[in-house]
Amino acid sequence: PLDMLLNTSEQLLSFPLAAEAKYRATKSRLRSSPVHGGLISPHAAMTISASMRMSGHTLFDVSVESCKGGSGILGRAHRVVGMSVANLVSSCSLGVVSVVDGKLMR
């Protein structure tokens, strides 16, 4: 079940990026119409994207916390660290990311 929780968390955390990409790729007059094959419009996706991301953070936190002290997460340590880094990078400004990566932009 831990892998399924991490998969779901990953999808929730990546939702805002996908929503923004679809929103920007859609003509402004069509942003309130559901996309072909989709259930919601790009505008609606942008509206709920912050709460989706927050749900992903909460699920990730609870999933990792539930494994504290156990060996259940040891086999998934690389994935958990990768998800953590990706979330931190996507939550920070470009300036902060550049400093952390050692590529200070001037």
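Source: prediction; values computed, not measured.

**Points about the packing of helix α2 (residues 42–66) against helix α3 (residues 77–91)**
Packed helix pairs are specified by the crossing angle of their axes together with the interaxial distance, meaning the distance between the axes.
Argument step 1. Between α2 and α3, whose axes approach to 12 Å, the crossing angle comes to 150°. Here α2 is positioned roughly antiparallel relative to α3, judged by the angle of their axes. In this structure, α2 crosses over α3, and the sense of that crossing is left-handed. Here R53, H57, F60 and V64 of α2 come into contact with α3, specifically with V80, M83, S84, N87, S90 and S91.

**Comments concerning the side chain of S63**
Argument step 1. Tracing the chain through its elements places S63 in helix α2.
Argument step 2. Discounting residues that sit within four places of it in the chain, S63 has contacts with L2 and L5.

**Description of the nonpolar core**
Argument step 1. Judged by nonpolar contacts, L2, L6, L13, F60, C67, I73, V80 and M83 together constitute the single largest core of eight residues.
Argument step 2. For this core, the secondary structure elements donating two or more residues are α1 (2–25) and α3.
Argument step 3. Looking at this core, the element that brings in the most residues is α1, giving three residues.
Argument step 4. When residues no more than four places from it in sequence are discounted, the contact partners of M83 are L6, S9, E10, L13 and F60.

**Things to note about the packing of aromatic side chains**
Argument step 1. Counting across every chain of the model gives zero aromatic pairs.
Argument step 2. The ring of Y23 has R31 sitting right over it, with the charged end atom 4.2 Å from the ring centre.

**Side note on the side chain of R53**
Argument step 1. Structurally, the position occupied by R53 is in helix α2.
Argument step 2. E20 provides the closest opposite charge to the buried, salt-bridge-free R53, at an N-O distance of 9.1 Å.
Argument step 3. Only 3.0 Å separates the side chain of R53 from the backbone oxygen of L13, close enough to count as a polar contact.
Argument step 4. When neighbours within four sequence positions are excluded, R53 is seen to be in contact with L12, L13, P16, N87, S90 and S91.

How each quantity is defined
- Residues numbered from 1 in each chain as written.
- Predicted model: local features only at pLDDT ≥ 70, side-chain atom pairs only at ≥ 80, totals over all residues.
- Heavy atoms only, no water.
- Axes fitted to C-alpha atoms, helices over the stretch in contact; angles between N-to-C directions.
- Helix = DSSP H or I, 4+ residues; strand = E, 2+ residues; numbered from the N terminus.
- Parallel < 35°, antiparallel > 145°, perpendicular 65-115°, else oblique.
- Left-handed = near helix turned anticlockwise from the far one by under 90°.
- Contact = heavy atoms within 4.5 Å.
- Core = buried A, V, L, I, M, F, W, Y, C linked by side-chain atoms within 4.5 Å.
- Buried < 20%, exposed > 50% of the residue type's maximum accessible area, 1.4 Å probe, protein only.
- Phe/Tyr/Trp six-rings, centres within 6.5 Å; stacked < 30°, edge-to-face > 60°.
- Lys NZ or Arg CZ within 6 Å of the ring centre and 35° of its normal.
- Lys, Arg positive; Asp, Glu negative; His and termini not counted.
- Salt bridge = Lys/Arg side-chain N within 4 Å of Asp/Glu carboxyl O.
- Polar contact = N/O pair within 3.5 Å; in protein donor to acceptor, adjacent residues only side chain to side chain.

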